[in-house]
Amino acid sequence: MTQDELKKAVAKAAVDYIQPKLEKDSIVGVGTGSTANFFIDYLADIKGQFDGAVASSEASAERLRLHGIPVYDLNSAESLVVYVDGADETNPALELIKGGGAALTREKIVAAVAEEFVCIADGSKWVETLGDFPLPVEVIPMARSHVARELVKLGGDPVYRQGCVTDNGNVILDVHNMKITDPVATEAAINQIVGVVTNGLFAARAADVLLLGRESGVETITRR
């Protein structure tokens with residue numbers, strides 16, 4: 001199977017997984033990225049079974065609307081029954097690196113509100129130790145150089161993502177060469193740097209369920 005075929009398989013599996021949990025007034029949290037796009041496309045097939053969605057990016061919101069799915073501001077949603085999103089890396093504890101699409105801050109907010117966080121990923125995203133994928137850090141623009149210096153002190157090699165402006169008007173530093181053996185502590189340490197909005201480690205709020213696409217089929221893994 002190609003990588004896109006694996007992504008489609010986990011996206012369809014996610015719709016099948018959440019469908020029994022949905023009610024007419026349910027609001028679904030929806031992530032950002034190529035795998036999340038496939039999920040949105042399949043979600044449209046059951047759009048009459050739930051109320052609408054909260055999106056973690058303007059791009060996902062637009063895709064939802066094109067499918068006729070109502071999109072709500074998170075402030076107007078009392079609760080989210082589930083949040084479904086992809087990942088750039090996941091370890092066996094379902095701690096994630098996210099933010100390759102620069103939507104990490106809104107993704108982290110929506111994940112924090114959701115009753116259940118379902119991650120969908122193809123098998124290439126599975127690692128024992130996080131950090132092969134550069135860790136995105138969203139930064140207030142005027143603090144970029146300061147934050148970069150502080151990230152070097154933490155053992156990383158930050159690179160400014162040229163031409164990238166987040167939906168929040170901020171910039172991204174991608175931190176290379178950082179093996180993350182304690183994701184919860186690393187997430188907290190980076191977030192304490194003045195000028196950081198948040199970073200792409202989803203460890204304090206890890207995924208509850210991972211639907212992992214492999215050649216043999218979709219594997220369902222729950223958090224330990």
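It should be noted that the structure appears before, not after, this text.
Scoring rules and cut-offs
Residues numbered from 1 in each chain as written. Predicted model: local features only at pLDDT ≥ 70, side-chain atom pairs only at ≥ 80, totals over all residues. Heavy atoms only, no water. Axes fitted to C-alpha atoms, helices over the stretch in contact; angles between N-to-C directions. Helix = DSSP H or I, 4+ residues; strand = E, 2+ residues; numbered from the N terminus. Parallel < 35°, antiparallel > 145°, perpendicular 65-115°, else oblique. Left-handed = near helix turned anticlockwise from the far one by under 90°. Contact = heavy atoms within 4.5 Å. Buried < 20%, exposed > 50% of the residue type's maximum accessible area, 1.4 Å probe, protein only. Polar contact = N/O pair within 3.5 Å; in protein donor to acceptor, adjacent residues only side chain to side chain. Salt bridge = Lys/Arg side-chain N within 4 Å of Asp/Glu carboxyl O.

Asks: What should I look at first to understand the packing of helix α1 (residues 3–18) against helix α2 (residues 34–43) in this one?
Replies: Angle between the axes and distance between the axes: these two values describe a pair of packed helices. Where α1 meets α2, the closest approach of the two axes is 8 Å, and the angle between their N-to-C directions is 50 degrees. One element, α1, and the other, α2, form an angle in the oblique class. α2 is crossed by α1, and the crossing has right-handed handedness. Counting all contacts with α1, which are made through Asp 4, Lys 7, Lys 8, Val 10, Ala 11, Lys 12, Ala 14, Val 15 and Ile 18, the residues of α2 involved are Ser 34, Thr 35, Phe 38, Phe 39, Tyr 42 and Leu 43.

Asks: What's the story with the side chain of Asp 85 in this structure? I'm lost.
Replies: Along the chain, the position of Asp 85 falls in strand β3 (residues 82–85). Take Asp 85: its relative accessible area is 0%, and that puts it in the buried class. A distance of 3.1 Å separates a polar side-chain atom of Asp 85 from the backbone nitrogen of Thr 32. Contacts of Asp 85, omitting those with residues within four sequence positions, involve Gly 31, Thr 32, Ala 36, Lys 98, Glu 107, Phe 117, Val 118, Cys 119 and Ile 120.

Asks: I tried to follow the pattern of salt bridges on my own but got confused; where do I start?
Replies: Two side chains that carry opposite charge are able to pair once their charged atoms sit near each other. With the rule as written, the count across this model stands at 14 salt bridges. One salt bridge in this structure joins Lys 108 and Glu 187, with 2.9 Å as the shortest N-O distance. One end of the pair, Lys 108, is in helix α4 (residues 104–113); the other, Glu 187, is in helix α6 (residues 183–191), with 79 residues separating them in the sequence. Lys 108 gets classed as buried once you look at its relative accessible area, which sits at 17%. Residue classification places Glu 187 among the buried positions, given a relative accessible area of 8%. Three or more residues joined by partner-sharing salt bridges are found here, namely Asp 85, Lys 98 and Glu 107.

Asks: Is there a simple way to think about α2 in this case?
Replies: Each α-helix winds once per 3.6 residues, and so residues spaced three or four apart point in a common direction. Among the residues of α2, Thr 35, Ala 36, Phe 38, Phe 39, Ile 40 and Leu 43 are the ones counted as buried. The inward-facing, buried residues of α2 abut α1, β1 (27–30), α3 (58–66), β3 and β6 (117–122).

In short, geometric facts, not functional conclusions.
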